[in-house]
Amino acid sequence: MAGLERSLGLRCPAAVLHSNHSRTCSQRWFRKGPQGPPRSRFPSRLAVQSLEREQAELQGDAQPSTSQEGVDSSTSEYWQELISTPDSELFGSRARSASDAAVLRRKGHLKEQDKFINFLQEMHRTHTCLEVMQKVEQWALEHHRSPRSSRLKRMVPSLGSFFTPLRLVDAFMEYDEFFALSRRHFIPPNFAELRHILNIAQIHASATSLRLVTFDADGTLYADGAHMQHDNEMIGHVIDLMRAGVHVAIVTAAGYPNEPERFEERFDGLLAALRYQPKAVVNRFHVMGGECNYLLRVDRGRLAFVPDSEWKSEFMASWREDDIHELLETAERLLLEGAERLRLPVSVVRKERAVGVVPSAPTIYEVLEELALTVHAGLLAGPTPNLPFCAFNGGNDVFVDVGNKSIGLEALMRYVGVGPAQALHAGDRFTDSGNDVATRDCCSIIWVANPEETDFFIKILLADIEKREGRWGNGGPPASAQ
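Owing to the predicted nature of the structure, the values given are computational and were not obtained by experimental measurement. (Residues numbered from 1 in each chain as written. Predicted model: local features only at pLDDT ≥ 70, side-chain atom pairs only at ≥ 80, totals over all residues. Heavy atoms only, no water.)

Caption draft 1: Spatial organisation of the overall build of the chain. Counting its secondary structure elements, the chain contains 22 helices and 13 strands. Within the chain, buried positions represent 49% of all 482 residues. A separation of at least 24 residues holds for 68% of the contacts in the chain among residues at least 6 apart in sequence. For the chain, the computed accessible surface area is about 23500 Å², with 51% contributed by carbon and sulfur atoms. (Helix = DSSP H or I, 4+ residues; strand = E, 2+ residues; numbered from the N terminus. Buried < 20%, exposed > 50% of the residue type's maximum accessible area, 1.4 Å probe, protein only. Contact = heavy atoms within 4.5 Å. Areas by Shrake-Rupley, 256 points an atom, 1.4 Å probe, with all protein chains shown as cover.)

Set out below in structure tokens:
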């Protein structure tokens, strides 16, 4: 790993894969010294109100507080400010470990849900890291050959298919060279470290026959809510993949029917770079929007919709507009009912093939997770159970789309003529409420936490492809090296 890192000119993996943790530590403690953040000289408005209320109660002058559904309105106001206040003024010099508002807004471990990785974590209670990888590599090979009757399937019933063998021992040794997991006596690998090892094993396995790489957009290619600007490092990597003969597609939940310019706004930096590439390279790029509802390609430097008849399956073409309307109506009702139950003010966003809610007040990830899972369960029992859908927690909103990424990827794979073992999807939401999880049914995946991780792992993939090919297709040297 270290040698590969030096040869590629990569950032230190610790700086990339553990950047969030180190950045949080430096912000919370090191920057402000061992004594924690300084006490604010001015008490907050709520602190003053709380003190006045306590004094009034002691003097017997306190008035009964008004309430709604048994909740003290002043308490509600206090927690509202607590959640929305990034500063430490509400807490003075108290330890921030449990009482910081940032803790309440955290995403916690809900973004680290996976029964297979959890199974690997449990194995570390009785096995060393190397022993775990040796056993699981053999079980994974058996599962690759017989996915329905393997021992691994019996131990992890929800496990999907492995479309390639995974050399987990080699991946572990590569990762261990830098992070020294095997030297830890008391602390087993955490969720993210096991995810990284699986990613490395999958990248090395997929590179041998790769013909299609697909990317989620927000949180994978660029930060949530951002666009793919001209200085995005992934632009060079995407072009390098296409110059090596690999098709590349961005598969996103964003859907803009009859508005290709809206998609162009999101990927303007990449589209500008593609104008300088040969047509054979440009033809390998596509955008799949609305999970699976719109396919676009580049035509004379602009994005253009591919006619449905050229790429949609018979199953997708059979979806009735009446059923779609009924699904979205039911989804909107469930979203609003769930938001009301959770006391979450929201605004509704309705599209041709999607409906969602955006919180109009600060909230936490757990609330959005609860809302997404509630809607998912309600739609399964709804009036259109045979129409596929995706109810997902987007991190800042909750949406329901008609169809899912698995259906879109299968259609795209048929369109460009590749099989499951020749495709690889990179995304950041593979939990039960994520919209990337469905892709596991149709191709191999790598699970990233942020665009920096995507950049790191794709550099490893490009190095493997260069070794495999000994060249970069017919397009010359890598774009990132020019």
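Caption draft 2: Looking closely at the environment of Met 234. Mapped onto the secondary structure, Met 234 falls in helix α13 (residues 234-243). Considered as a pair, Met 234 and Leu 221 are 13 residues apart in the sequence and their alpha carbons are 6.8 Å apart. Apart from residues lying up to four places away in sequence, Met 234 is in contact with Phe 215, Leu 221, Met 228, Thr 454, Asp 455 and Ile 458.

Caption draft 3: A look at the nonpolar core. Counting 78 residues, the largest nonpolar core has Phe 215, Leu 241, Leu 270, Leu 274, Phe 285 and Leu 461 as the members making the most contacts within it. For this core, the element with the most residues is helix α12 (residues 191-206), which contributes eight residues. Filtering out sequence-adjacent residues up to four positions away, Leu 270 remains in contact with Met 228, Ile 235, Val 238, Ile 239, Ile 250 and Phe 285. Judged by nonpolar contacts, the second largest core, of 42 residues, contains Ala 249, Ala 391, Ile 407 and Cys 443. (Core = buried A, V, L, I, M, F, W, Y, C linked by side-chain atoms within 4.5 Å.)

Caption draft 4: Here's a closer look at the environment of Thr 439. Along the polypeptide, Thr 439 turns up in the loop between β12 (423-427) and β13 (444-447). Once the C-alpha coordinates of Thr 439 and Ile 407 are considered, the two residues, 32 residues apart in sequence, prove to be 8.3 Å apart.

Caption draft 5: Quick look at helix α21 (residues 405-416). Given a rise of 1.5 Å per residue, 12 residues ought to cover 16 Å, and the 16 Å separating the end C-alpha atoms of α21 matches this to within 8%. A distance of 3.0 Å separates the backbone nitrogen of Ser 406 from a side-chain oxygen at the start of α21, and that oxygen is part of Asn 404. With its phi angle positive at about 80°, Gly 417 sits one or two positions after the end of α21. (Expected span 1.5 Å × (residues − 1). Polar contact = N/O pair within 3.5 Å; in protein donor to acceptor, adjacent residues only side chain to side chain.)

Caption draft 6: Expanded view of the packing of helix α19 (residues 321-341) against helix α20 (residues 365-380). Interaxial distance between α19 and α20 falls to 9 Å at its minimum, and their mutual angle equals 140°. By the angle between their axes, α19 is oblique relative to α20. Judged by the sense of rotation from one axis to the other, the crossing of α19 with α20 is right-handed. Packed against α19, whose contacting residues are Leu 327, Thr 330, Ala 331, Leu 334, Leu 335, Gly 338, Ala 339 and Arg 341, the element α20 presents Glu 370, Leu 371, Thr 374, Val 375, Gly 378 and Leu 379 at the interface. Across the contact of α19 with α20, the residue classes break down as eight nonpolar, four polar and two charged. (Axes fitted to C-alpha atoms, helices over the stretch in contact; angles between N-to-C directions. Parallel < 35°, antiparallel > 145°, perpendicular 65-115°, else oblique. Left-handed = near helix turned anticlockwise from the far one by under 90°. Nonpolar A, V, L, I, M, F, W, Y, C, P; charged D, E, K, R; others polar.)

Caption draft 7: Main features of the confidence of the model for the chain. Of all residues in the chain, 74% attain a pLDDT of 70 or more, and the chain-wide mean is 83. Taken together, the stretch residues 20-44 has pLDDT below 50 and engages in 25 contacts with residues farther than four places along the chain or on a different chain. For residues 471-477, every residue scores under 50 in pLDDT, and the model assigns this stretch 15 contacts once sequence neighbours within four places are set aside. (pLDDT = per-residue confidence, 0-100.)

Caption draft 8: Up close: the sheet that holds strand β7 (residues 302-305). Taken in spatial order, the seven strands of this open sheet run β7-β6-β5-β4-β3-β12-β13, and their pairing is mixed. Both edges of this open sheet fall to β7 and β13, since each of them pairs with a single strand only. This sheet shows a mean twist of 25° between the axes of neighbouring strands, independent of strand direction. Contacts between α13 and the sheet are confined to β3 (212-215), β4 (247-251) and β5 (285-289), with β3 contributing the most and set at about 155° to the helix. (Pairing = 2+ DSSP bridges.)

Caption draft 9: Summary view of the pattern of salt bridges. Within this structure, the stated rule accounts for 24 salt bridges. Taking the shortest distance from any N to any O, the salt bridge between Asp 436 and Lys 405 comes out at 2.9 Å. Placement of the pair is Asp 436 in the loop between β12 and β13 and Lys 405 in helix α21, with a sequence separation of 31 residues. Each member of the pair, Asp 436 as well as Lys 405, carries the same accessibility label: buried. Asp 428 serves as the salt-bridge partner of Arg 429, at 3.9 Å between the closest nitrogen and oxygen. Asp 428 sits in the buried class, given a relative accessible area of 4%. (Salt bridge = Lys/Arg side-chain N within 4 Å of Asp/Glu carboxyl O.)

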